[in-house]
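Understanding the architecture of this molecule
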Amino acid sequence: MLNKQVDFVVPNRVWFSLTGVCNNSCKWCYRNGSEVPVFLDTSFIFQAARALVQSGVKHCSLYGGEPTLHKDYRTIVKSLIKDDLFSSCALITNGRLLSFFVPDEWSGNKKIRVTVSLHGASQDHYKSNTGSENGFDEAVRAIGNLKQECVRHSVNVVVSKENLDMIADFIGIVSSLSVEMLGFTFALPSLDDPNYESDPYLLSDAVGRINSLCLSYKQRHCFVYSLPWCTLEEKFLENLLLNKQLMFNCPVNEGKVVVIKENGALALCTHLSGIELLAEKETKKVLSSSKLFLEFWSSLSMREIRQSVDVYRHPKCVVCKYRHYCKGGCPIWWRINDFQRTLN
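First, a word on what this report is: a plain description of the structure on this page. Everything numeric in this text was worked out from a predicted model, so none of it was measured.

We now examine the sheet that holds strand β3 (residues 88-93). Taken in spatial order, the eleven strands of this open sheet run β8-β7-β6-β5-β4-β3-β2-β1-β9-β10-β11, and their pairing is mixed. Every interior strand has two partners, whereas the edge strands, β8 (246-247) and β11 (276-278), have only one. In this sheet, strand β10 (residues 266-267) lies alongside strand β9 (residues 257-260) in antiparallel orientation, the contact comprising two bridges. In the sheet register, Val259 faces β10, and the bridge partner there is Ala267.

For the α-helix, the turn length of 3.6 residues means that residues three or four positions removed from each other point alike. With 14 residues, helix α4 (residues 135-148) should cover 20 Å at 1.5 Å per step; its first-to-last C-alpha distance of 20 Å lies within 8% of that length. Residues of α4 that are buried include every one of Gly135, Phe136, Glu138, Ala139, Ala142, Ile143, Asn145 and Leu146, and no others.

We now examine the environment of Cys26. In this structure, Cys26 sits in the loop between β1 (13-17) and α1 (42-55). Sequence separation between Cys26 and Pro315 is 289 residues; the distance between their C-alpha atoms is 36 Å. Residues in contact with Cys26, not counting those within four places in the same chain, are His119, Asn129 and Thr130.

In this section: the packing of aromatic side chains. Evaluated as defined, the whole model comprises ten aromatic pairs. Relative to Tyr322, the ring of Trp229 lies with its centre 6.1 Å away and its plane at 55 degrees, an arrangement referred to as tilted. Of this pair, Trp229 sits in the loop between β7 (221-224) and α8 (234-242) while Tyr322 sits in the loop between α12 (315-319) and α13 (323-326), placing them 93 residues apart in sequence. A single burial state applies to Trp229 and to Tyr322, both of which are buried. Each ring, one from Phe296 and one from Trp297, has its centre 6.4 Å from the other, and the planes form 45 degrees; the classification is tilted. Take Phe296 and Trp297: they sit in the same class, and that class is buried. Put simply, the rings of Phe184, Phe186, Phe223 and Tyr225 touch in pairs and so form one group of aromatic residues. Over the face of the ring belonging to Tyr196 we find Lys161, whose NZ or CZ atom lies 4.7 Å from the ring centre. A cation over a ring is seen here: Arg306 above Trp297, with NZ or CZ 5.2 Å from the ring centre.

Below, the discussion takes up the state of the cysteines. Applying the stated criterion across every chain, the model contains zero disulfides. Sulfur of Cys326: no disulfide; nearest cysteine sulfur belongs to Cys320 and is 6.5 Å away.

Bridge count between β1 and strand β2 (residues 59-63): five bridges; the pairing is parallel. When the bridges of β2 are listed, Ser17 appears paired with Tyr63. Of the crossover connections in this fold, the one passing from β1 over α1 to the parallel β2 is right-handed. With four bridges connecting them, β1 and β9 associate as parallel partners. Residue pairing across strands places Trp15 opposite Val259, the latter belonging to β9.

What counts as what
- Residues numbered from 1 in each chain as written.
- Predicted model: local features only at pLDDT ≥ 70, side-chain atom pairs only at ≥ 80, totals over all residues.
- Heavy atoms only, no water.
- Pairing = 2+ DSSP bridges.
- Helix = DSSP H or I, 4+ residues; strand = E, 2+ residues; numbered from the N terminus.
- Expected span 1.5 Å × (residues − 1).
- Buried < 20%, exposed > 50% of the residue type's maximum accessible area, 1.4 Å probe, protein only.
- Contact = heavy atoms within 4.5 Å.
- Phe/Tyr/Trp six-rings, centres within 6.5 Å; stacked < 30°, edge-to-face > 60°.
- Lys NZ or Arg CZ within 6 Å of the ring centre and 35° of its normal.
- Disulfide = S-S within 2.5 Å.
- Right-handed = clockwise from strand over helix to strand, strands pointing away.

Dropping the structure here:
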C-alpha cells in the first residue's frame, strides 16, 4: 500500500521520449547507454496524456533520441495540443528531418515551440561532434524553414569542451538566421557514460565571454545554467538575472517533472532516465487514471526517492539568497565535484 500525503504533488510538465533512436551520435550525449532503440507506443502516449492532464499537468515536451524519427510524430504533436489537453508542447530536435518540410499545422500555432539543437558551427565541426555528413546544412535549413512557416522556435547550443572554441561562429550563424532566442545548455557529466568528462570550471569561466559575444551580435539569449550559480561572479550574475538571461530551477526534488521513456518506463528526469521508477506494465497501470497517478506520485515512497536523488550540496546553499532558484545546481554535478574552489 502506498503511503499517501494530504496534498498531492502535481508535475508541471511531462517529457515524452518518442524514441531512443537518433540520426546523430553526439559526443556529449547524456543518454549514451540509457536509450532504448524502440518507439514509444502512440496509443499509450494519448492514454498517459489524458491521465496527466486530468491530474493537473499543463505542459509537455517531446524529445529522444530524435523525436521526428517517430512515424507518428505529427499526429502526436497535433493531438497533444487539442483544447482539452496540454497548454503547450515543446519539441526538442536536431532539426535534420525538418530541413525537408515543416508540418503545415504548426504554422502560426502558439501552443507549439520547436527548439533546434545546433551541434556544430560548420559542416566539419558538426561531423566531428555527431558523425553526420550533412547534419549542419540540414539543421540550418530547418531553422530557415521554421522561420518561413511562422513556427515559434529557438536554437540551442551545448556549452561543452568540444564547442568552446567555436562559440563565436555559433552565435554568428544564429544571428544571421534572425533567430529570436538562442539558448545555451551545459554539457553535464553523464551517468550513462563514465568516460565522458565535463569540467564545470571550464564551462562556467566561458559564460562571460559568451554573453559578451551575444551582446556584440545583439542576439537575444539565455543560459540554462545547471551549475551552482555561485560559480559566476555576483555582479555579473545579478546582471544576467536583471536581463532575464539566466534560468535553472531543478524540478526533481519537488516532483514538478515526470518522464516517460521510449520503452514506456517512468523516470524522474531526462538526465536520470537510466534510473527507471516503474517498468512499462506498471507505468501503464499507474497512468490509467489521474487518481492512481496522483496517489503514486504523491506517496511517501516517491518523496523519499526524490530526496535520495537530490544529493547533499553544501551548508552555504541553505542560506544563499539564490537558493530558491539555483537550488545548488543540478545534483549530477555534485556527484563529481564538491565545488570547494568556489565555496571557499
